[in-house]
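Each chain, written out:
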Amino acid sequence: RMCFLVLPVCLIMGTFVVAVKLNTLPLTILRHGFVSNVAPPEMIFDIDGCCPPLLGAEAGDVSAAANYSVLLLSRPGMPPPRVFWVVLEAQPEPLAPSSLQVMEGLDGDGNTAYLAGSTLAAQAQAHYWLQTHGFSSETYWKMQHQEQLYRRALPFAATLTVEGLQPYGAAYRIYAVAQNV
């Protein structure tokens with residue numbers, strides 16, 4: 001009988017100690033490994049409208065595949081970020097998913113996303129990426145000064161290959177998050 005009282009109390013206390021000591025829940029560690037917000041990769045959205053996922057210039061018939069490109073910044077010395085993405089049907093307007101839901105391939109309601117995937121980002125030349133995607137040299141200058149490009153942050157680019165979109169009569173929203181691997 002004591003086993004039914006002592007064992008659960010010890011389990012609860014052990015979980016509490018691990019959660020406080022490591023600043024994360026033990027179930028999160030088991031499912032996702034150690035999660036940290038130390039030096040996270042950054043997706044840039046506040047510099048001249050830069051840099052949401054953009055449809056590649058070579059996109060013609062998206063029924064086969066559409067390649068979206070995203071520019072992000074990561075701290076020097078960090079491994080290349082992994083970019084997770086989900087595609088949600090835009091009609092009706094979807095509830096925006098959290099970063100954890102995007103990583104798990106879910107929409108904002110916890111349902112399976114229309115499409116989902118992940119890709120590893122590669123180091124990129126920010127000025128070339130910006131020129132290729134129609135941004136001005138002023139955007140690059142702002143990145144160098146506001147984000148301290150190449151001093152505090154290194155640019156990475158990821159190409160999200162999205163297959164299986166309906167080319168006509170459907171609208172989609174793409175949500176992407178990045179994580180240091």
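Peer 1: Give me the sheet that holds strand β5 (residues 115-120): which residues, what numbers.
Peer 2: Hydrogen bonds between backbone atoms are what pair the strands of a sheet, whose relative direction is either parallel or antiparallel. Spatially, β5-β4-β8 is the arrangement adopted by the three strands of the open sheet, whose pairing is antiparallel. If you trace the sheet from one side to the other, it starts and ends with β5 and β8 (172-180), each paired once. Along the sheet, successive strands turn relative to each other by an average axial angle of 20°, direction set aside.

Peer 1: Break down unusual backbone geometry for me, with residues and values.
Peer 2: Of note, the amide linkage connecting Q91 to P92 takes the cis form, showing an omega dihedral of 0°. Structurally, P92 is set in the loop between β4 (81-89) and α3 (99-103). Look at N23: it is not a glycine, yet its phi comes out positive at around 60°. If you trace the backbone, N23 turns up in the loop between α1 (3-22) and α2 (26-32). Even without being glycine, Q148 reaches a positive phi, approximately 50°.

Peer 1: Lay out the nonpolar core with the relevant residues and their values.
Peer 2: Here is a general trend for soluble globular proteins: nonpolar side chains tend to be buried in one another's company. Counting residues in hydrophobic clusters, the biggest one holds 16 residues, and the most contacted among them are M43, V70, L72, V83, W85 and V162. Contributions of two or more residues to this core are made by β3 (66-74), β4 and β7 (154-162). The dominant element in this core, judged by the number of residues it contributes, is β7, at five residues. Contacts of M43, omitting those with residues within four sequence positions, involve V70, L71, L72, V83, A176, V177 and A178. Core analysis: the next-biggest nonpolar cluster, separate from the first, contains 13 residues, L71, L73, L130 and F135 among them.

Peer 1: Go over a nonpolar patch on the surface, please, and point to the residues and values.
Peer 2: A contiguous nonpolar patch, built from M2, L5, V6, V9, M13, F16, V17 and V20 and spanning about 790 Å² of accessible area, is present on the exposed surface. Structurally, L5 can be placed in helix α1.

Peer 1: Could you give an account of the packing of aromatic side chains, with specific residues and numbers?
Peer 2: Following the criterion strictly, the structure yields two aromatic pairs and no others. With a centroid separation of 6.4 Å and 15° between ring planes, the pair formed by W129 and F135 is classed as stacked. Taken as a pair, W129 and F135 share a single burial class, namely buried.

Peer 1: Now, about the pattern of salt bridges: what can you tell me, with residues and values included?
Peer 2: Taken as a whole and judged by the stated rule, the model has four salt bridges. Its salt-bridge partner being R31, residue E104 comes within 3.3 Å of it at the nearest N-O pair. Of the two residues, E104 sits in the loop between α3 and β5 while R31 sits in helix α2, which places them 73 residues apart along the sequence. Relative accessible area serves as the criterion here: at 28%, E104 is assigned to the partly exposed category. Exposure remark for R31: the relative accessible area of 61% places this residue in the exposed category. A salt bridge links R173 to E93; the shortest N-O distance between them is 2.7 Å. One end of the pair, R173, is in strand β8; the other, E93, is in the loop between β4 and α3, with 80 residues separating them in the sequence.

About the cut-offs
Note that residues are indexed from 1 along each chain, following the sequence as it is written. pLDDT decides what is reported in this predicted model: residues at 70 or higher carry local features, side-chain atom pairs at 80 or more are listed and counted, and totals for whole chains, interfaces and linings draw on all residues regardless. To get the side-chain values, take all heavy atoms of the structure and skip hydrogens and water. Should DSSP find at least two bridges between two strands, the strands are regarded as paired. Strands are runs of DSSP state E lasting at least 2 residues, helices are runs of H or I lasting at least 4, and numbering of each runs from the N terminus. Convention adopted: a line fitted to C-alpha atoms gives each axis, helices being fitted over their contacting stretch, and angles between N-to-C directions are expressed from 0 to 180 degrees. Residue types Ala, Val, Leu, Ile, Met, Phe, Trp, Tyr and Cys, when buried and joined through side-chain atoms within 4.5 Å, form a set referred to as a nonpolar core. Under the scheme applied here, a residue whose accessible area is under 20% of the maximum for its type counts as buried, over 50% as exposed, and between as partly exposed, the area being computed with a 1.4 Å probe on protein chains only. When checking whether two residues touch, look at their non-hydrogen atoms; a contact exists if any pair is within 4.5 Å. Grouping into patches uses exposed residues only, defined as over 30% relative accessible area, and leaves out salt-bridged ones; the cut-off is 9 Å for like charges and 5 Å for nonpolar side chains (Val, Leu, Ile, Met, Phe, Trp, Tyr). In short, Shrake-Rupley with a 1.4 Å probe defines the accessible areas, and a residue's cover is counted only from the protein chains shown. Just to be clear on terms, a salt bridge is a Lys or Arg side-chain nitrogen sitting within 4 Å of an Asp or Glu carboxyl oxygen. Aromatic pairs are defined between Phe, Tyr and Trp rings, using the six-membered ring for Trp, whenever the two ring centres lie within 6.5 Å; interplanar angles under 30 degrees are classed as stacked, those over 60 as edge-to-face, and all others as tilted.

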